[in-house]
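For reference, the chains in residue letters:
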Amino acid sequence: MNKVLVIHGPNLNLLGQREQNVYGKTTLDEINASLTKLAQANNVSLEIFQSNHEGEIVDIIGKAKTNNIKAILMNPAAYTHTSIAIRDAVAANNIPTVEVHLSNIFAREEFRHTSLIAPVCHGQVTGFGPNSYILGLQAIINLLNK
Ligand code: DQA
């Protein structure tokens, strides 16, 4: 069974309470439950990880090859716009990675318009709320089945 690593970056543990006007009412547990359902229906297993710490995210990406991860679905949250370390980790492991965002980062403040990570990803899904994760995982499933 193909194993996909799902990474949720900083403050995404607060989904459902955090800035509901931007991120909606869906909690992280609910997002994880719908991802798990889609994964199961497609014979894929998920390893789900949330961290507020840049180094922990770098570490888990660095171990992905050894852990037999075939693709990564990641919402790097605020680290999208700041983290050369996470970008380098993605570039180093050469595992197809899809970046997702709940909000449309290009329709928000200018500092969110740049993703340091997207250029080393297979692609990016942004602006569809929790559905961004579903679309991102579906894209990964299609890639793995190719
Ligand atoms: C986010 C967008 C980022 O700019 C922000 O820092 C987040 C969430 C999103 O999913 O829309 O924490 O990644």
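Above this text you will find the structure in question.
Because the structure is predicted, anything quoted here is derived from the model rather than measured.

Caption draft 1: Summary view of the site of the ligand. Taken together, R18, Y23, N75, A77, A78, H81, H101, L102, S103, I105, R108 and R112 form the complete shell of residues around the ligand. In this structure, an oxygen atom belonging to the ligand sits 2.9 Å away from a side-chain N or O atom of R18. The side chain of H101 places a nitrogen or oxygen atom 2.8 Å from an oxygen atom of the ligand. Isolated, the ligand exposes 320 Å² of accessible area, and the fraction of that covered by the protein chains is 99%. Here the residues of the shell around the ligand sort into five nonpolar, four polar and three charged.

Caption draft 2: Looking closely at the sheet that holds strand β3 (residues 69–75). If you walk across this open sheet you meet the five strands as β2-β1-β3-β4-β5, and the pairing is parallel. Strand pairing shows two members of the sheet lacking a second neighbour, β2 (44–50) and β5 (123–126), which therefore form its edges. Each strand axis lies, on average, 20 degrees off the axis of its neighbour in the sheet, ignoring direction. The pairing of strand β4 (residues 97–101) with β5 spans four bridges and is parallel. Bridge pairing in β5 links V100 to V125. Across the sheet, helix α5 (residues 131–145) is in contact with β1 (2–8), β2, β3, β4 and β5; its angle to β3 comes to roughly 160 degrees.

Caption draft 3: How the structure looks around helix α3 (residues 54–62). Within the span of α3, buried status applies to I57, I60 and I61. Burial along α3 is one-sided: seen end-on, the buried residues are contained in an arc of 100 degrees. Of the surrounding elements, those touching the buried residues of α3 are β1, β2, β3 and α4 (84–93).

Caption draft 4: Up close: unusual backbone geometry. Of note, the phi angle at N68 is positive, near 65 degrees, even though the residue is not glycine. Classification of N68 as partly exposed rests on a relative accessible area of 47%. In this structure, A77 is a non-glycine residue whose phi angle is positive, near 50 degrees. If you trace the backbone, A77 turns up in the loop between β3 and α4.

Caption draft 5: Representation of the pairing of β3 within the structure. For β3, the buried fraction is high: six of the seven residues fall into the buried class. In terms of strand pairing, β1 meets β3 through six bridges, oriented parallel. Across the sheet, the residue bridging to K3 is I69, located in β3. Pairing of β3 with β4 involves three bridges; the strand directions are parallel.

Caption draft 6: How the structure looks around the nonpolar core. Grouped together as the largest cluster of nonpolar side chains are 22 residues, with contacts concentrated most on L15, L35, L73, L102, Y133 and L137. The set of elements that each furnish at least two residues to this core consists of β1, α2 (28–41), β3, β4 and α5. Residues within four places of L73 in sequence aside, it is in contact with V4, L5, V6, I7, L35, V98, V100, Y133, G136, L137 and I140. In terms of nonpolar packing, the next biggest core, distinct from the first, is built from 16 residues, I7, A64, I69 and M74 among them.

Caption draft 7: How the structure looks around the pairing of β1. Of all seven residues in β1, five are buried, a share of seventy percent or more. Bridge count for β1 against β2 is seven bridges, and the pairing is parallel. The residue of β2 that forms the bridge with H8 is Q50.

Reading the values: rules and limits
- Residues numbered from 1 in each chain as written.
- Predicted model: local features only at pLDDT ≥ 70, side-chain atom pairs only at ≥ 80, totals over all residues.
- Heavy atoms only, no water.
- Near = heavy atom within 4 Å.
- Polar contact = N/O pair within 3.5 Å; in protein donor to acceptor, adjacent residues only side chain to side chain.
- Areas by Shrake-Rupley, 256 points an atom, 1.4 Å probe, with all protein chains shown as cover.
- Nonpolar A, V, L, I, M, F, W, Y, C, P; charged D, E, K, R; others polar.
- Pairing = 2+ DSSP bridges.
- Helix = DSSP H or I, 4+ residues; strand = E, 2+ residues; numbered from the N terminus.
- Axes fitted to C-alpha atoms, helices over the stretch in contact; angles between N-to-C directions.
- Contact = heavy atoms within 4.5 Å.
- Buried < 20%, exposed > 50% of the residue type's maximum accessible area, 1.4 Å probe, protein only.
- Arc of directions from axis to C-beta.
- Core = buried A, V, L, I, M, F, W, Y, C linked by side-chain atoms within 4.5 Å.

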